[in-house]
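Architecture at a glance
Take a look at the letters that make up each chain.
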Amino acid sequence: ALIAQSLSACSTLSRLDLSSNALQGEELVEALGQLESLSALILSDGGIDDEAAAMLGHILGQLEELETLDLRLNMIGDAGAAALGLTLLNCASLSTLHLDGNAISSTTMRALLTALPGCTITPLSQT
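If you're wondering where the values come from, they're calculated on a predicted model, not measured in any experiment.

So, how was this worked out
- Residues numbered from 1 in each chain as written.
- Predicted model: local features only at pLDDT ≥ 70, side-chain atom pairs only at ≥ 80, totals over all residues.
- Heavy atoms only, no water.
- Helix = DSSP H or I, 4+ residues; strand = E, 2+ residues; numbered from the N terminus.
- Rg over C-alpha atoms; globule rule 2.2 N^0.38 Å.
- Buried < 20%, exposed > 50% of the residue type's maximum accessible area, 1.4 Å probe, protein only.
- Contact = heavy atoms within 4.5 Å.
- Areas by Shrake-Rupley, 256 points an atom, 1.4 Å probe, with all protein chains shown as cover.
- Arc of directions from axis to C-beta.
- Polar contact = N/O pair within 3.5 Å; in protein donor to acceptor, adjacent residues only side chain to side chain.
- Axes fitted to C-alpha atoms, helices over the stretch in contact; angles between N-to-C directions.
- Parallel < 35°, antiparallel > 145°, perpendicular 65-115°, else oblique.
- Nonpolar A, V, L, I, M, F, W, Y, C, P; charged D, E, K, R; others polar.

**So, the overall build of the protein chain**
Secondary structure summary: the protein chain contains 5 helices and 5 strands in total. Listing the helices and strands of the protein chain from first to last along the sequence gives α-β-α-β-α-β-α-β-α-β. Here the protein chain has a C-alpha radius of gyration of 13 Å; the compact-globule value for 127 residues is 14 Å, and the two agree. Counting across all 127 residues of the protein chain, residues that qualify as buried make up 43%. Considering only contacts in the protein chain between residues 6 or more positions apart, those separated by 24 or more positions represent 75%. As displayed, the protein chain has an accessible area near 6400 Å², and 50% of this comes from carbon and sulfur atoms.

This is how it looks when you write it as structure tokens:
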């Protein structure tokens, strides 16, 4: 709750690295949605599963300046990736999406690449 409260006062923040933190709760997700000038969001190794990815997906469309989203080394599967993909269609500035180290099938990764043609998605786009 303390991180969420602190984030709500940082509306001009452009880069946020919360990697290796166990991110929980809707309050934190809502606080992230208020960071409208955020261009890089790093949430690697945070224990994000399909449910948390779907919850996160709800706010990502609000981050119009988001260029880089790092979700490496989480527990996101096909369902979470699909939920994220639907929202990321609204992120016109997104150019880099890191998803390596999750449980996402190559079929779902290819679907993301097709849906987000202007975005580099790792690891699939590097092979």
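Having seen it, we continue.
**What about helix 3 (residues 50–60)?**
When helix 3 is considered as a whole, its buried residues turn out to be Ala-53, Leu-56, Gly-57, Ile-59 and Leu-60. Burial along helix 3 is one-sided: seen end-on, the buried residues are contained in an arc of 165 degrees. Among the exposed residues of helix 3, those oriented more than 90 degrees off its buried face are Glu-51 and His-58.

**Regarding the side chain of His-98**
As for its placement among the helices and strands, His-98 is situated in strand 4 (residues 96–98). A polar contact of 3.0 Å, which involves the side chain of His-98, links it to the side chain of Thr-122. If we ignore the near neighbours within four places in the chain, the residues touching His-98 are Thr-68, Leu-69, Asp-70, Leu-71, Arg-72 and Thr-122.

**Looking at the packing of helix 3 against helix 4 (residues 78–88)**
Closest axis-to-axis distance for the helix 3/helix 4 pair is 8 Å, and the angle between their directions is 0 degrees. Comparing their axes, helix 4 and helix 3 come out roughly parallel. Where helix 3 approaches helix 4, its residues Asp-50, Ala-53, Ala-54, Gly-57, His-58 and Leu-60 are matched on the opposing element by Asp-78, Ala-79, Gly-80, Ala-83, Leu-84, Thr-87 and Leu-88. Residues that form the contact of helix 3 with helix 4 fall into these classes: 7 nonpolar, 4 polar and 2 charged.

Function cannot be inferred from these measures alone, as they are strictly geometric.
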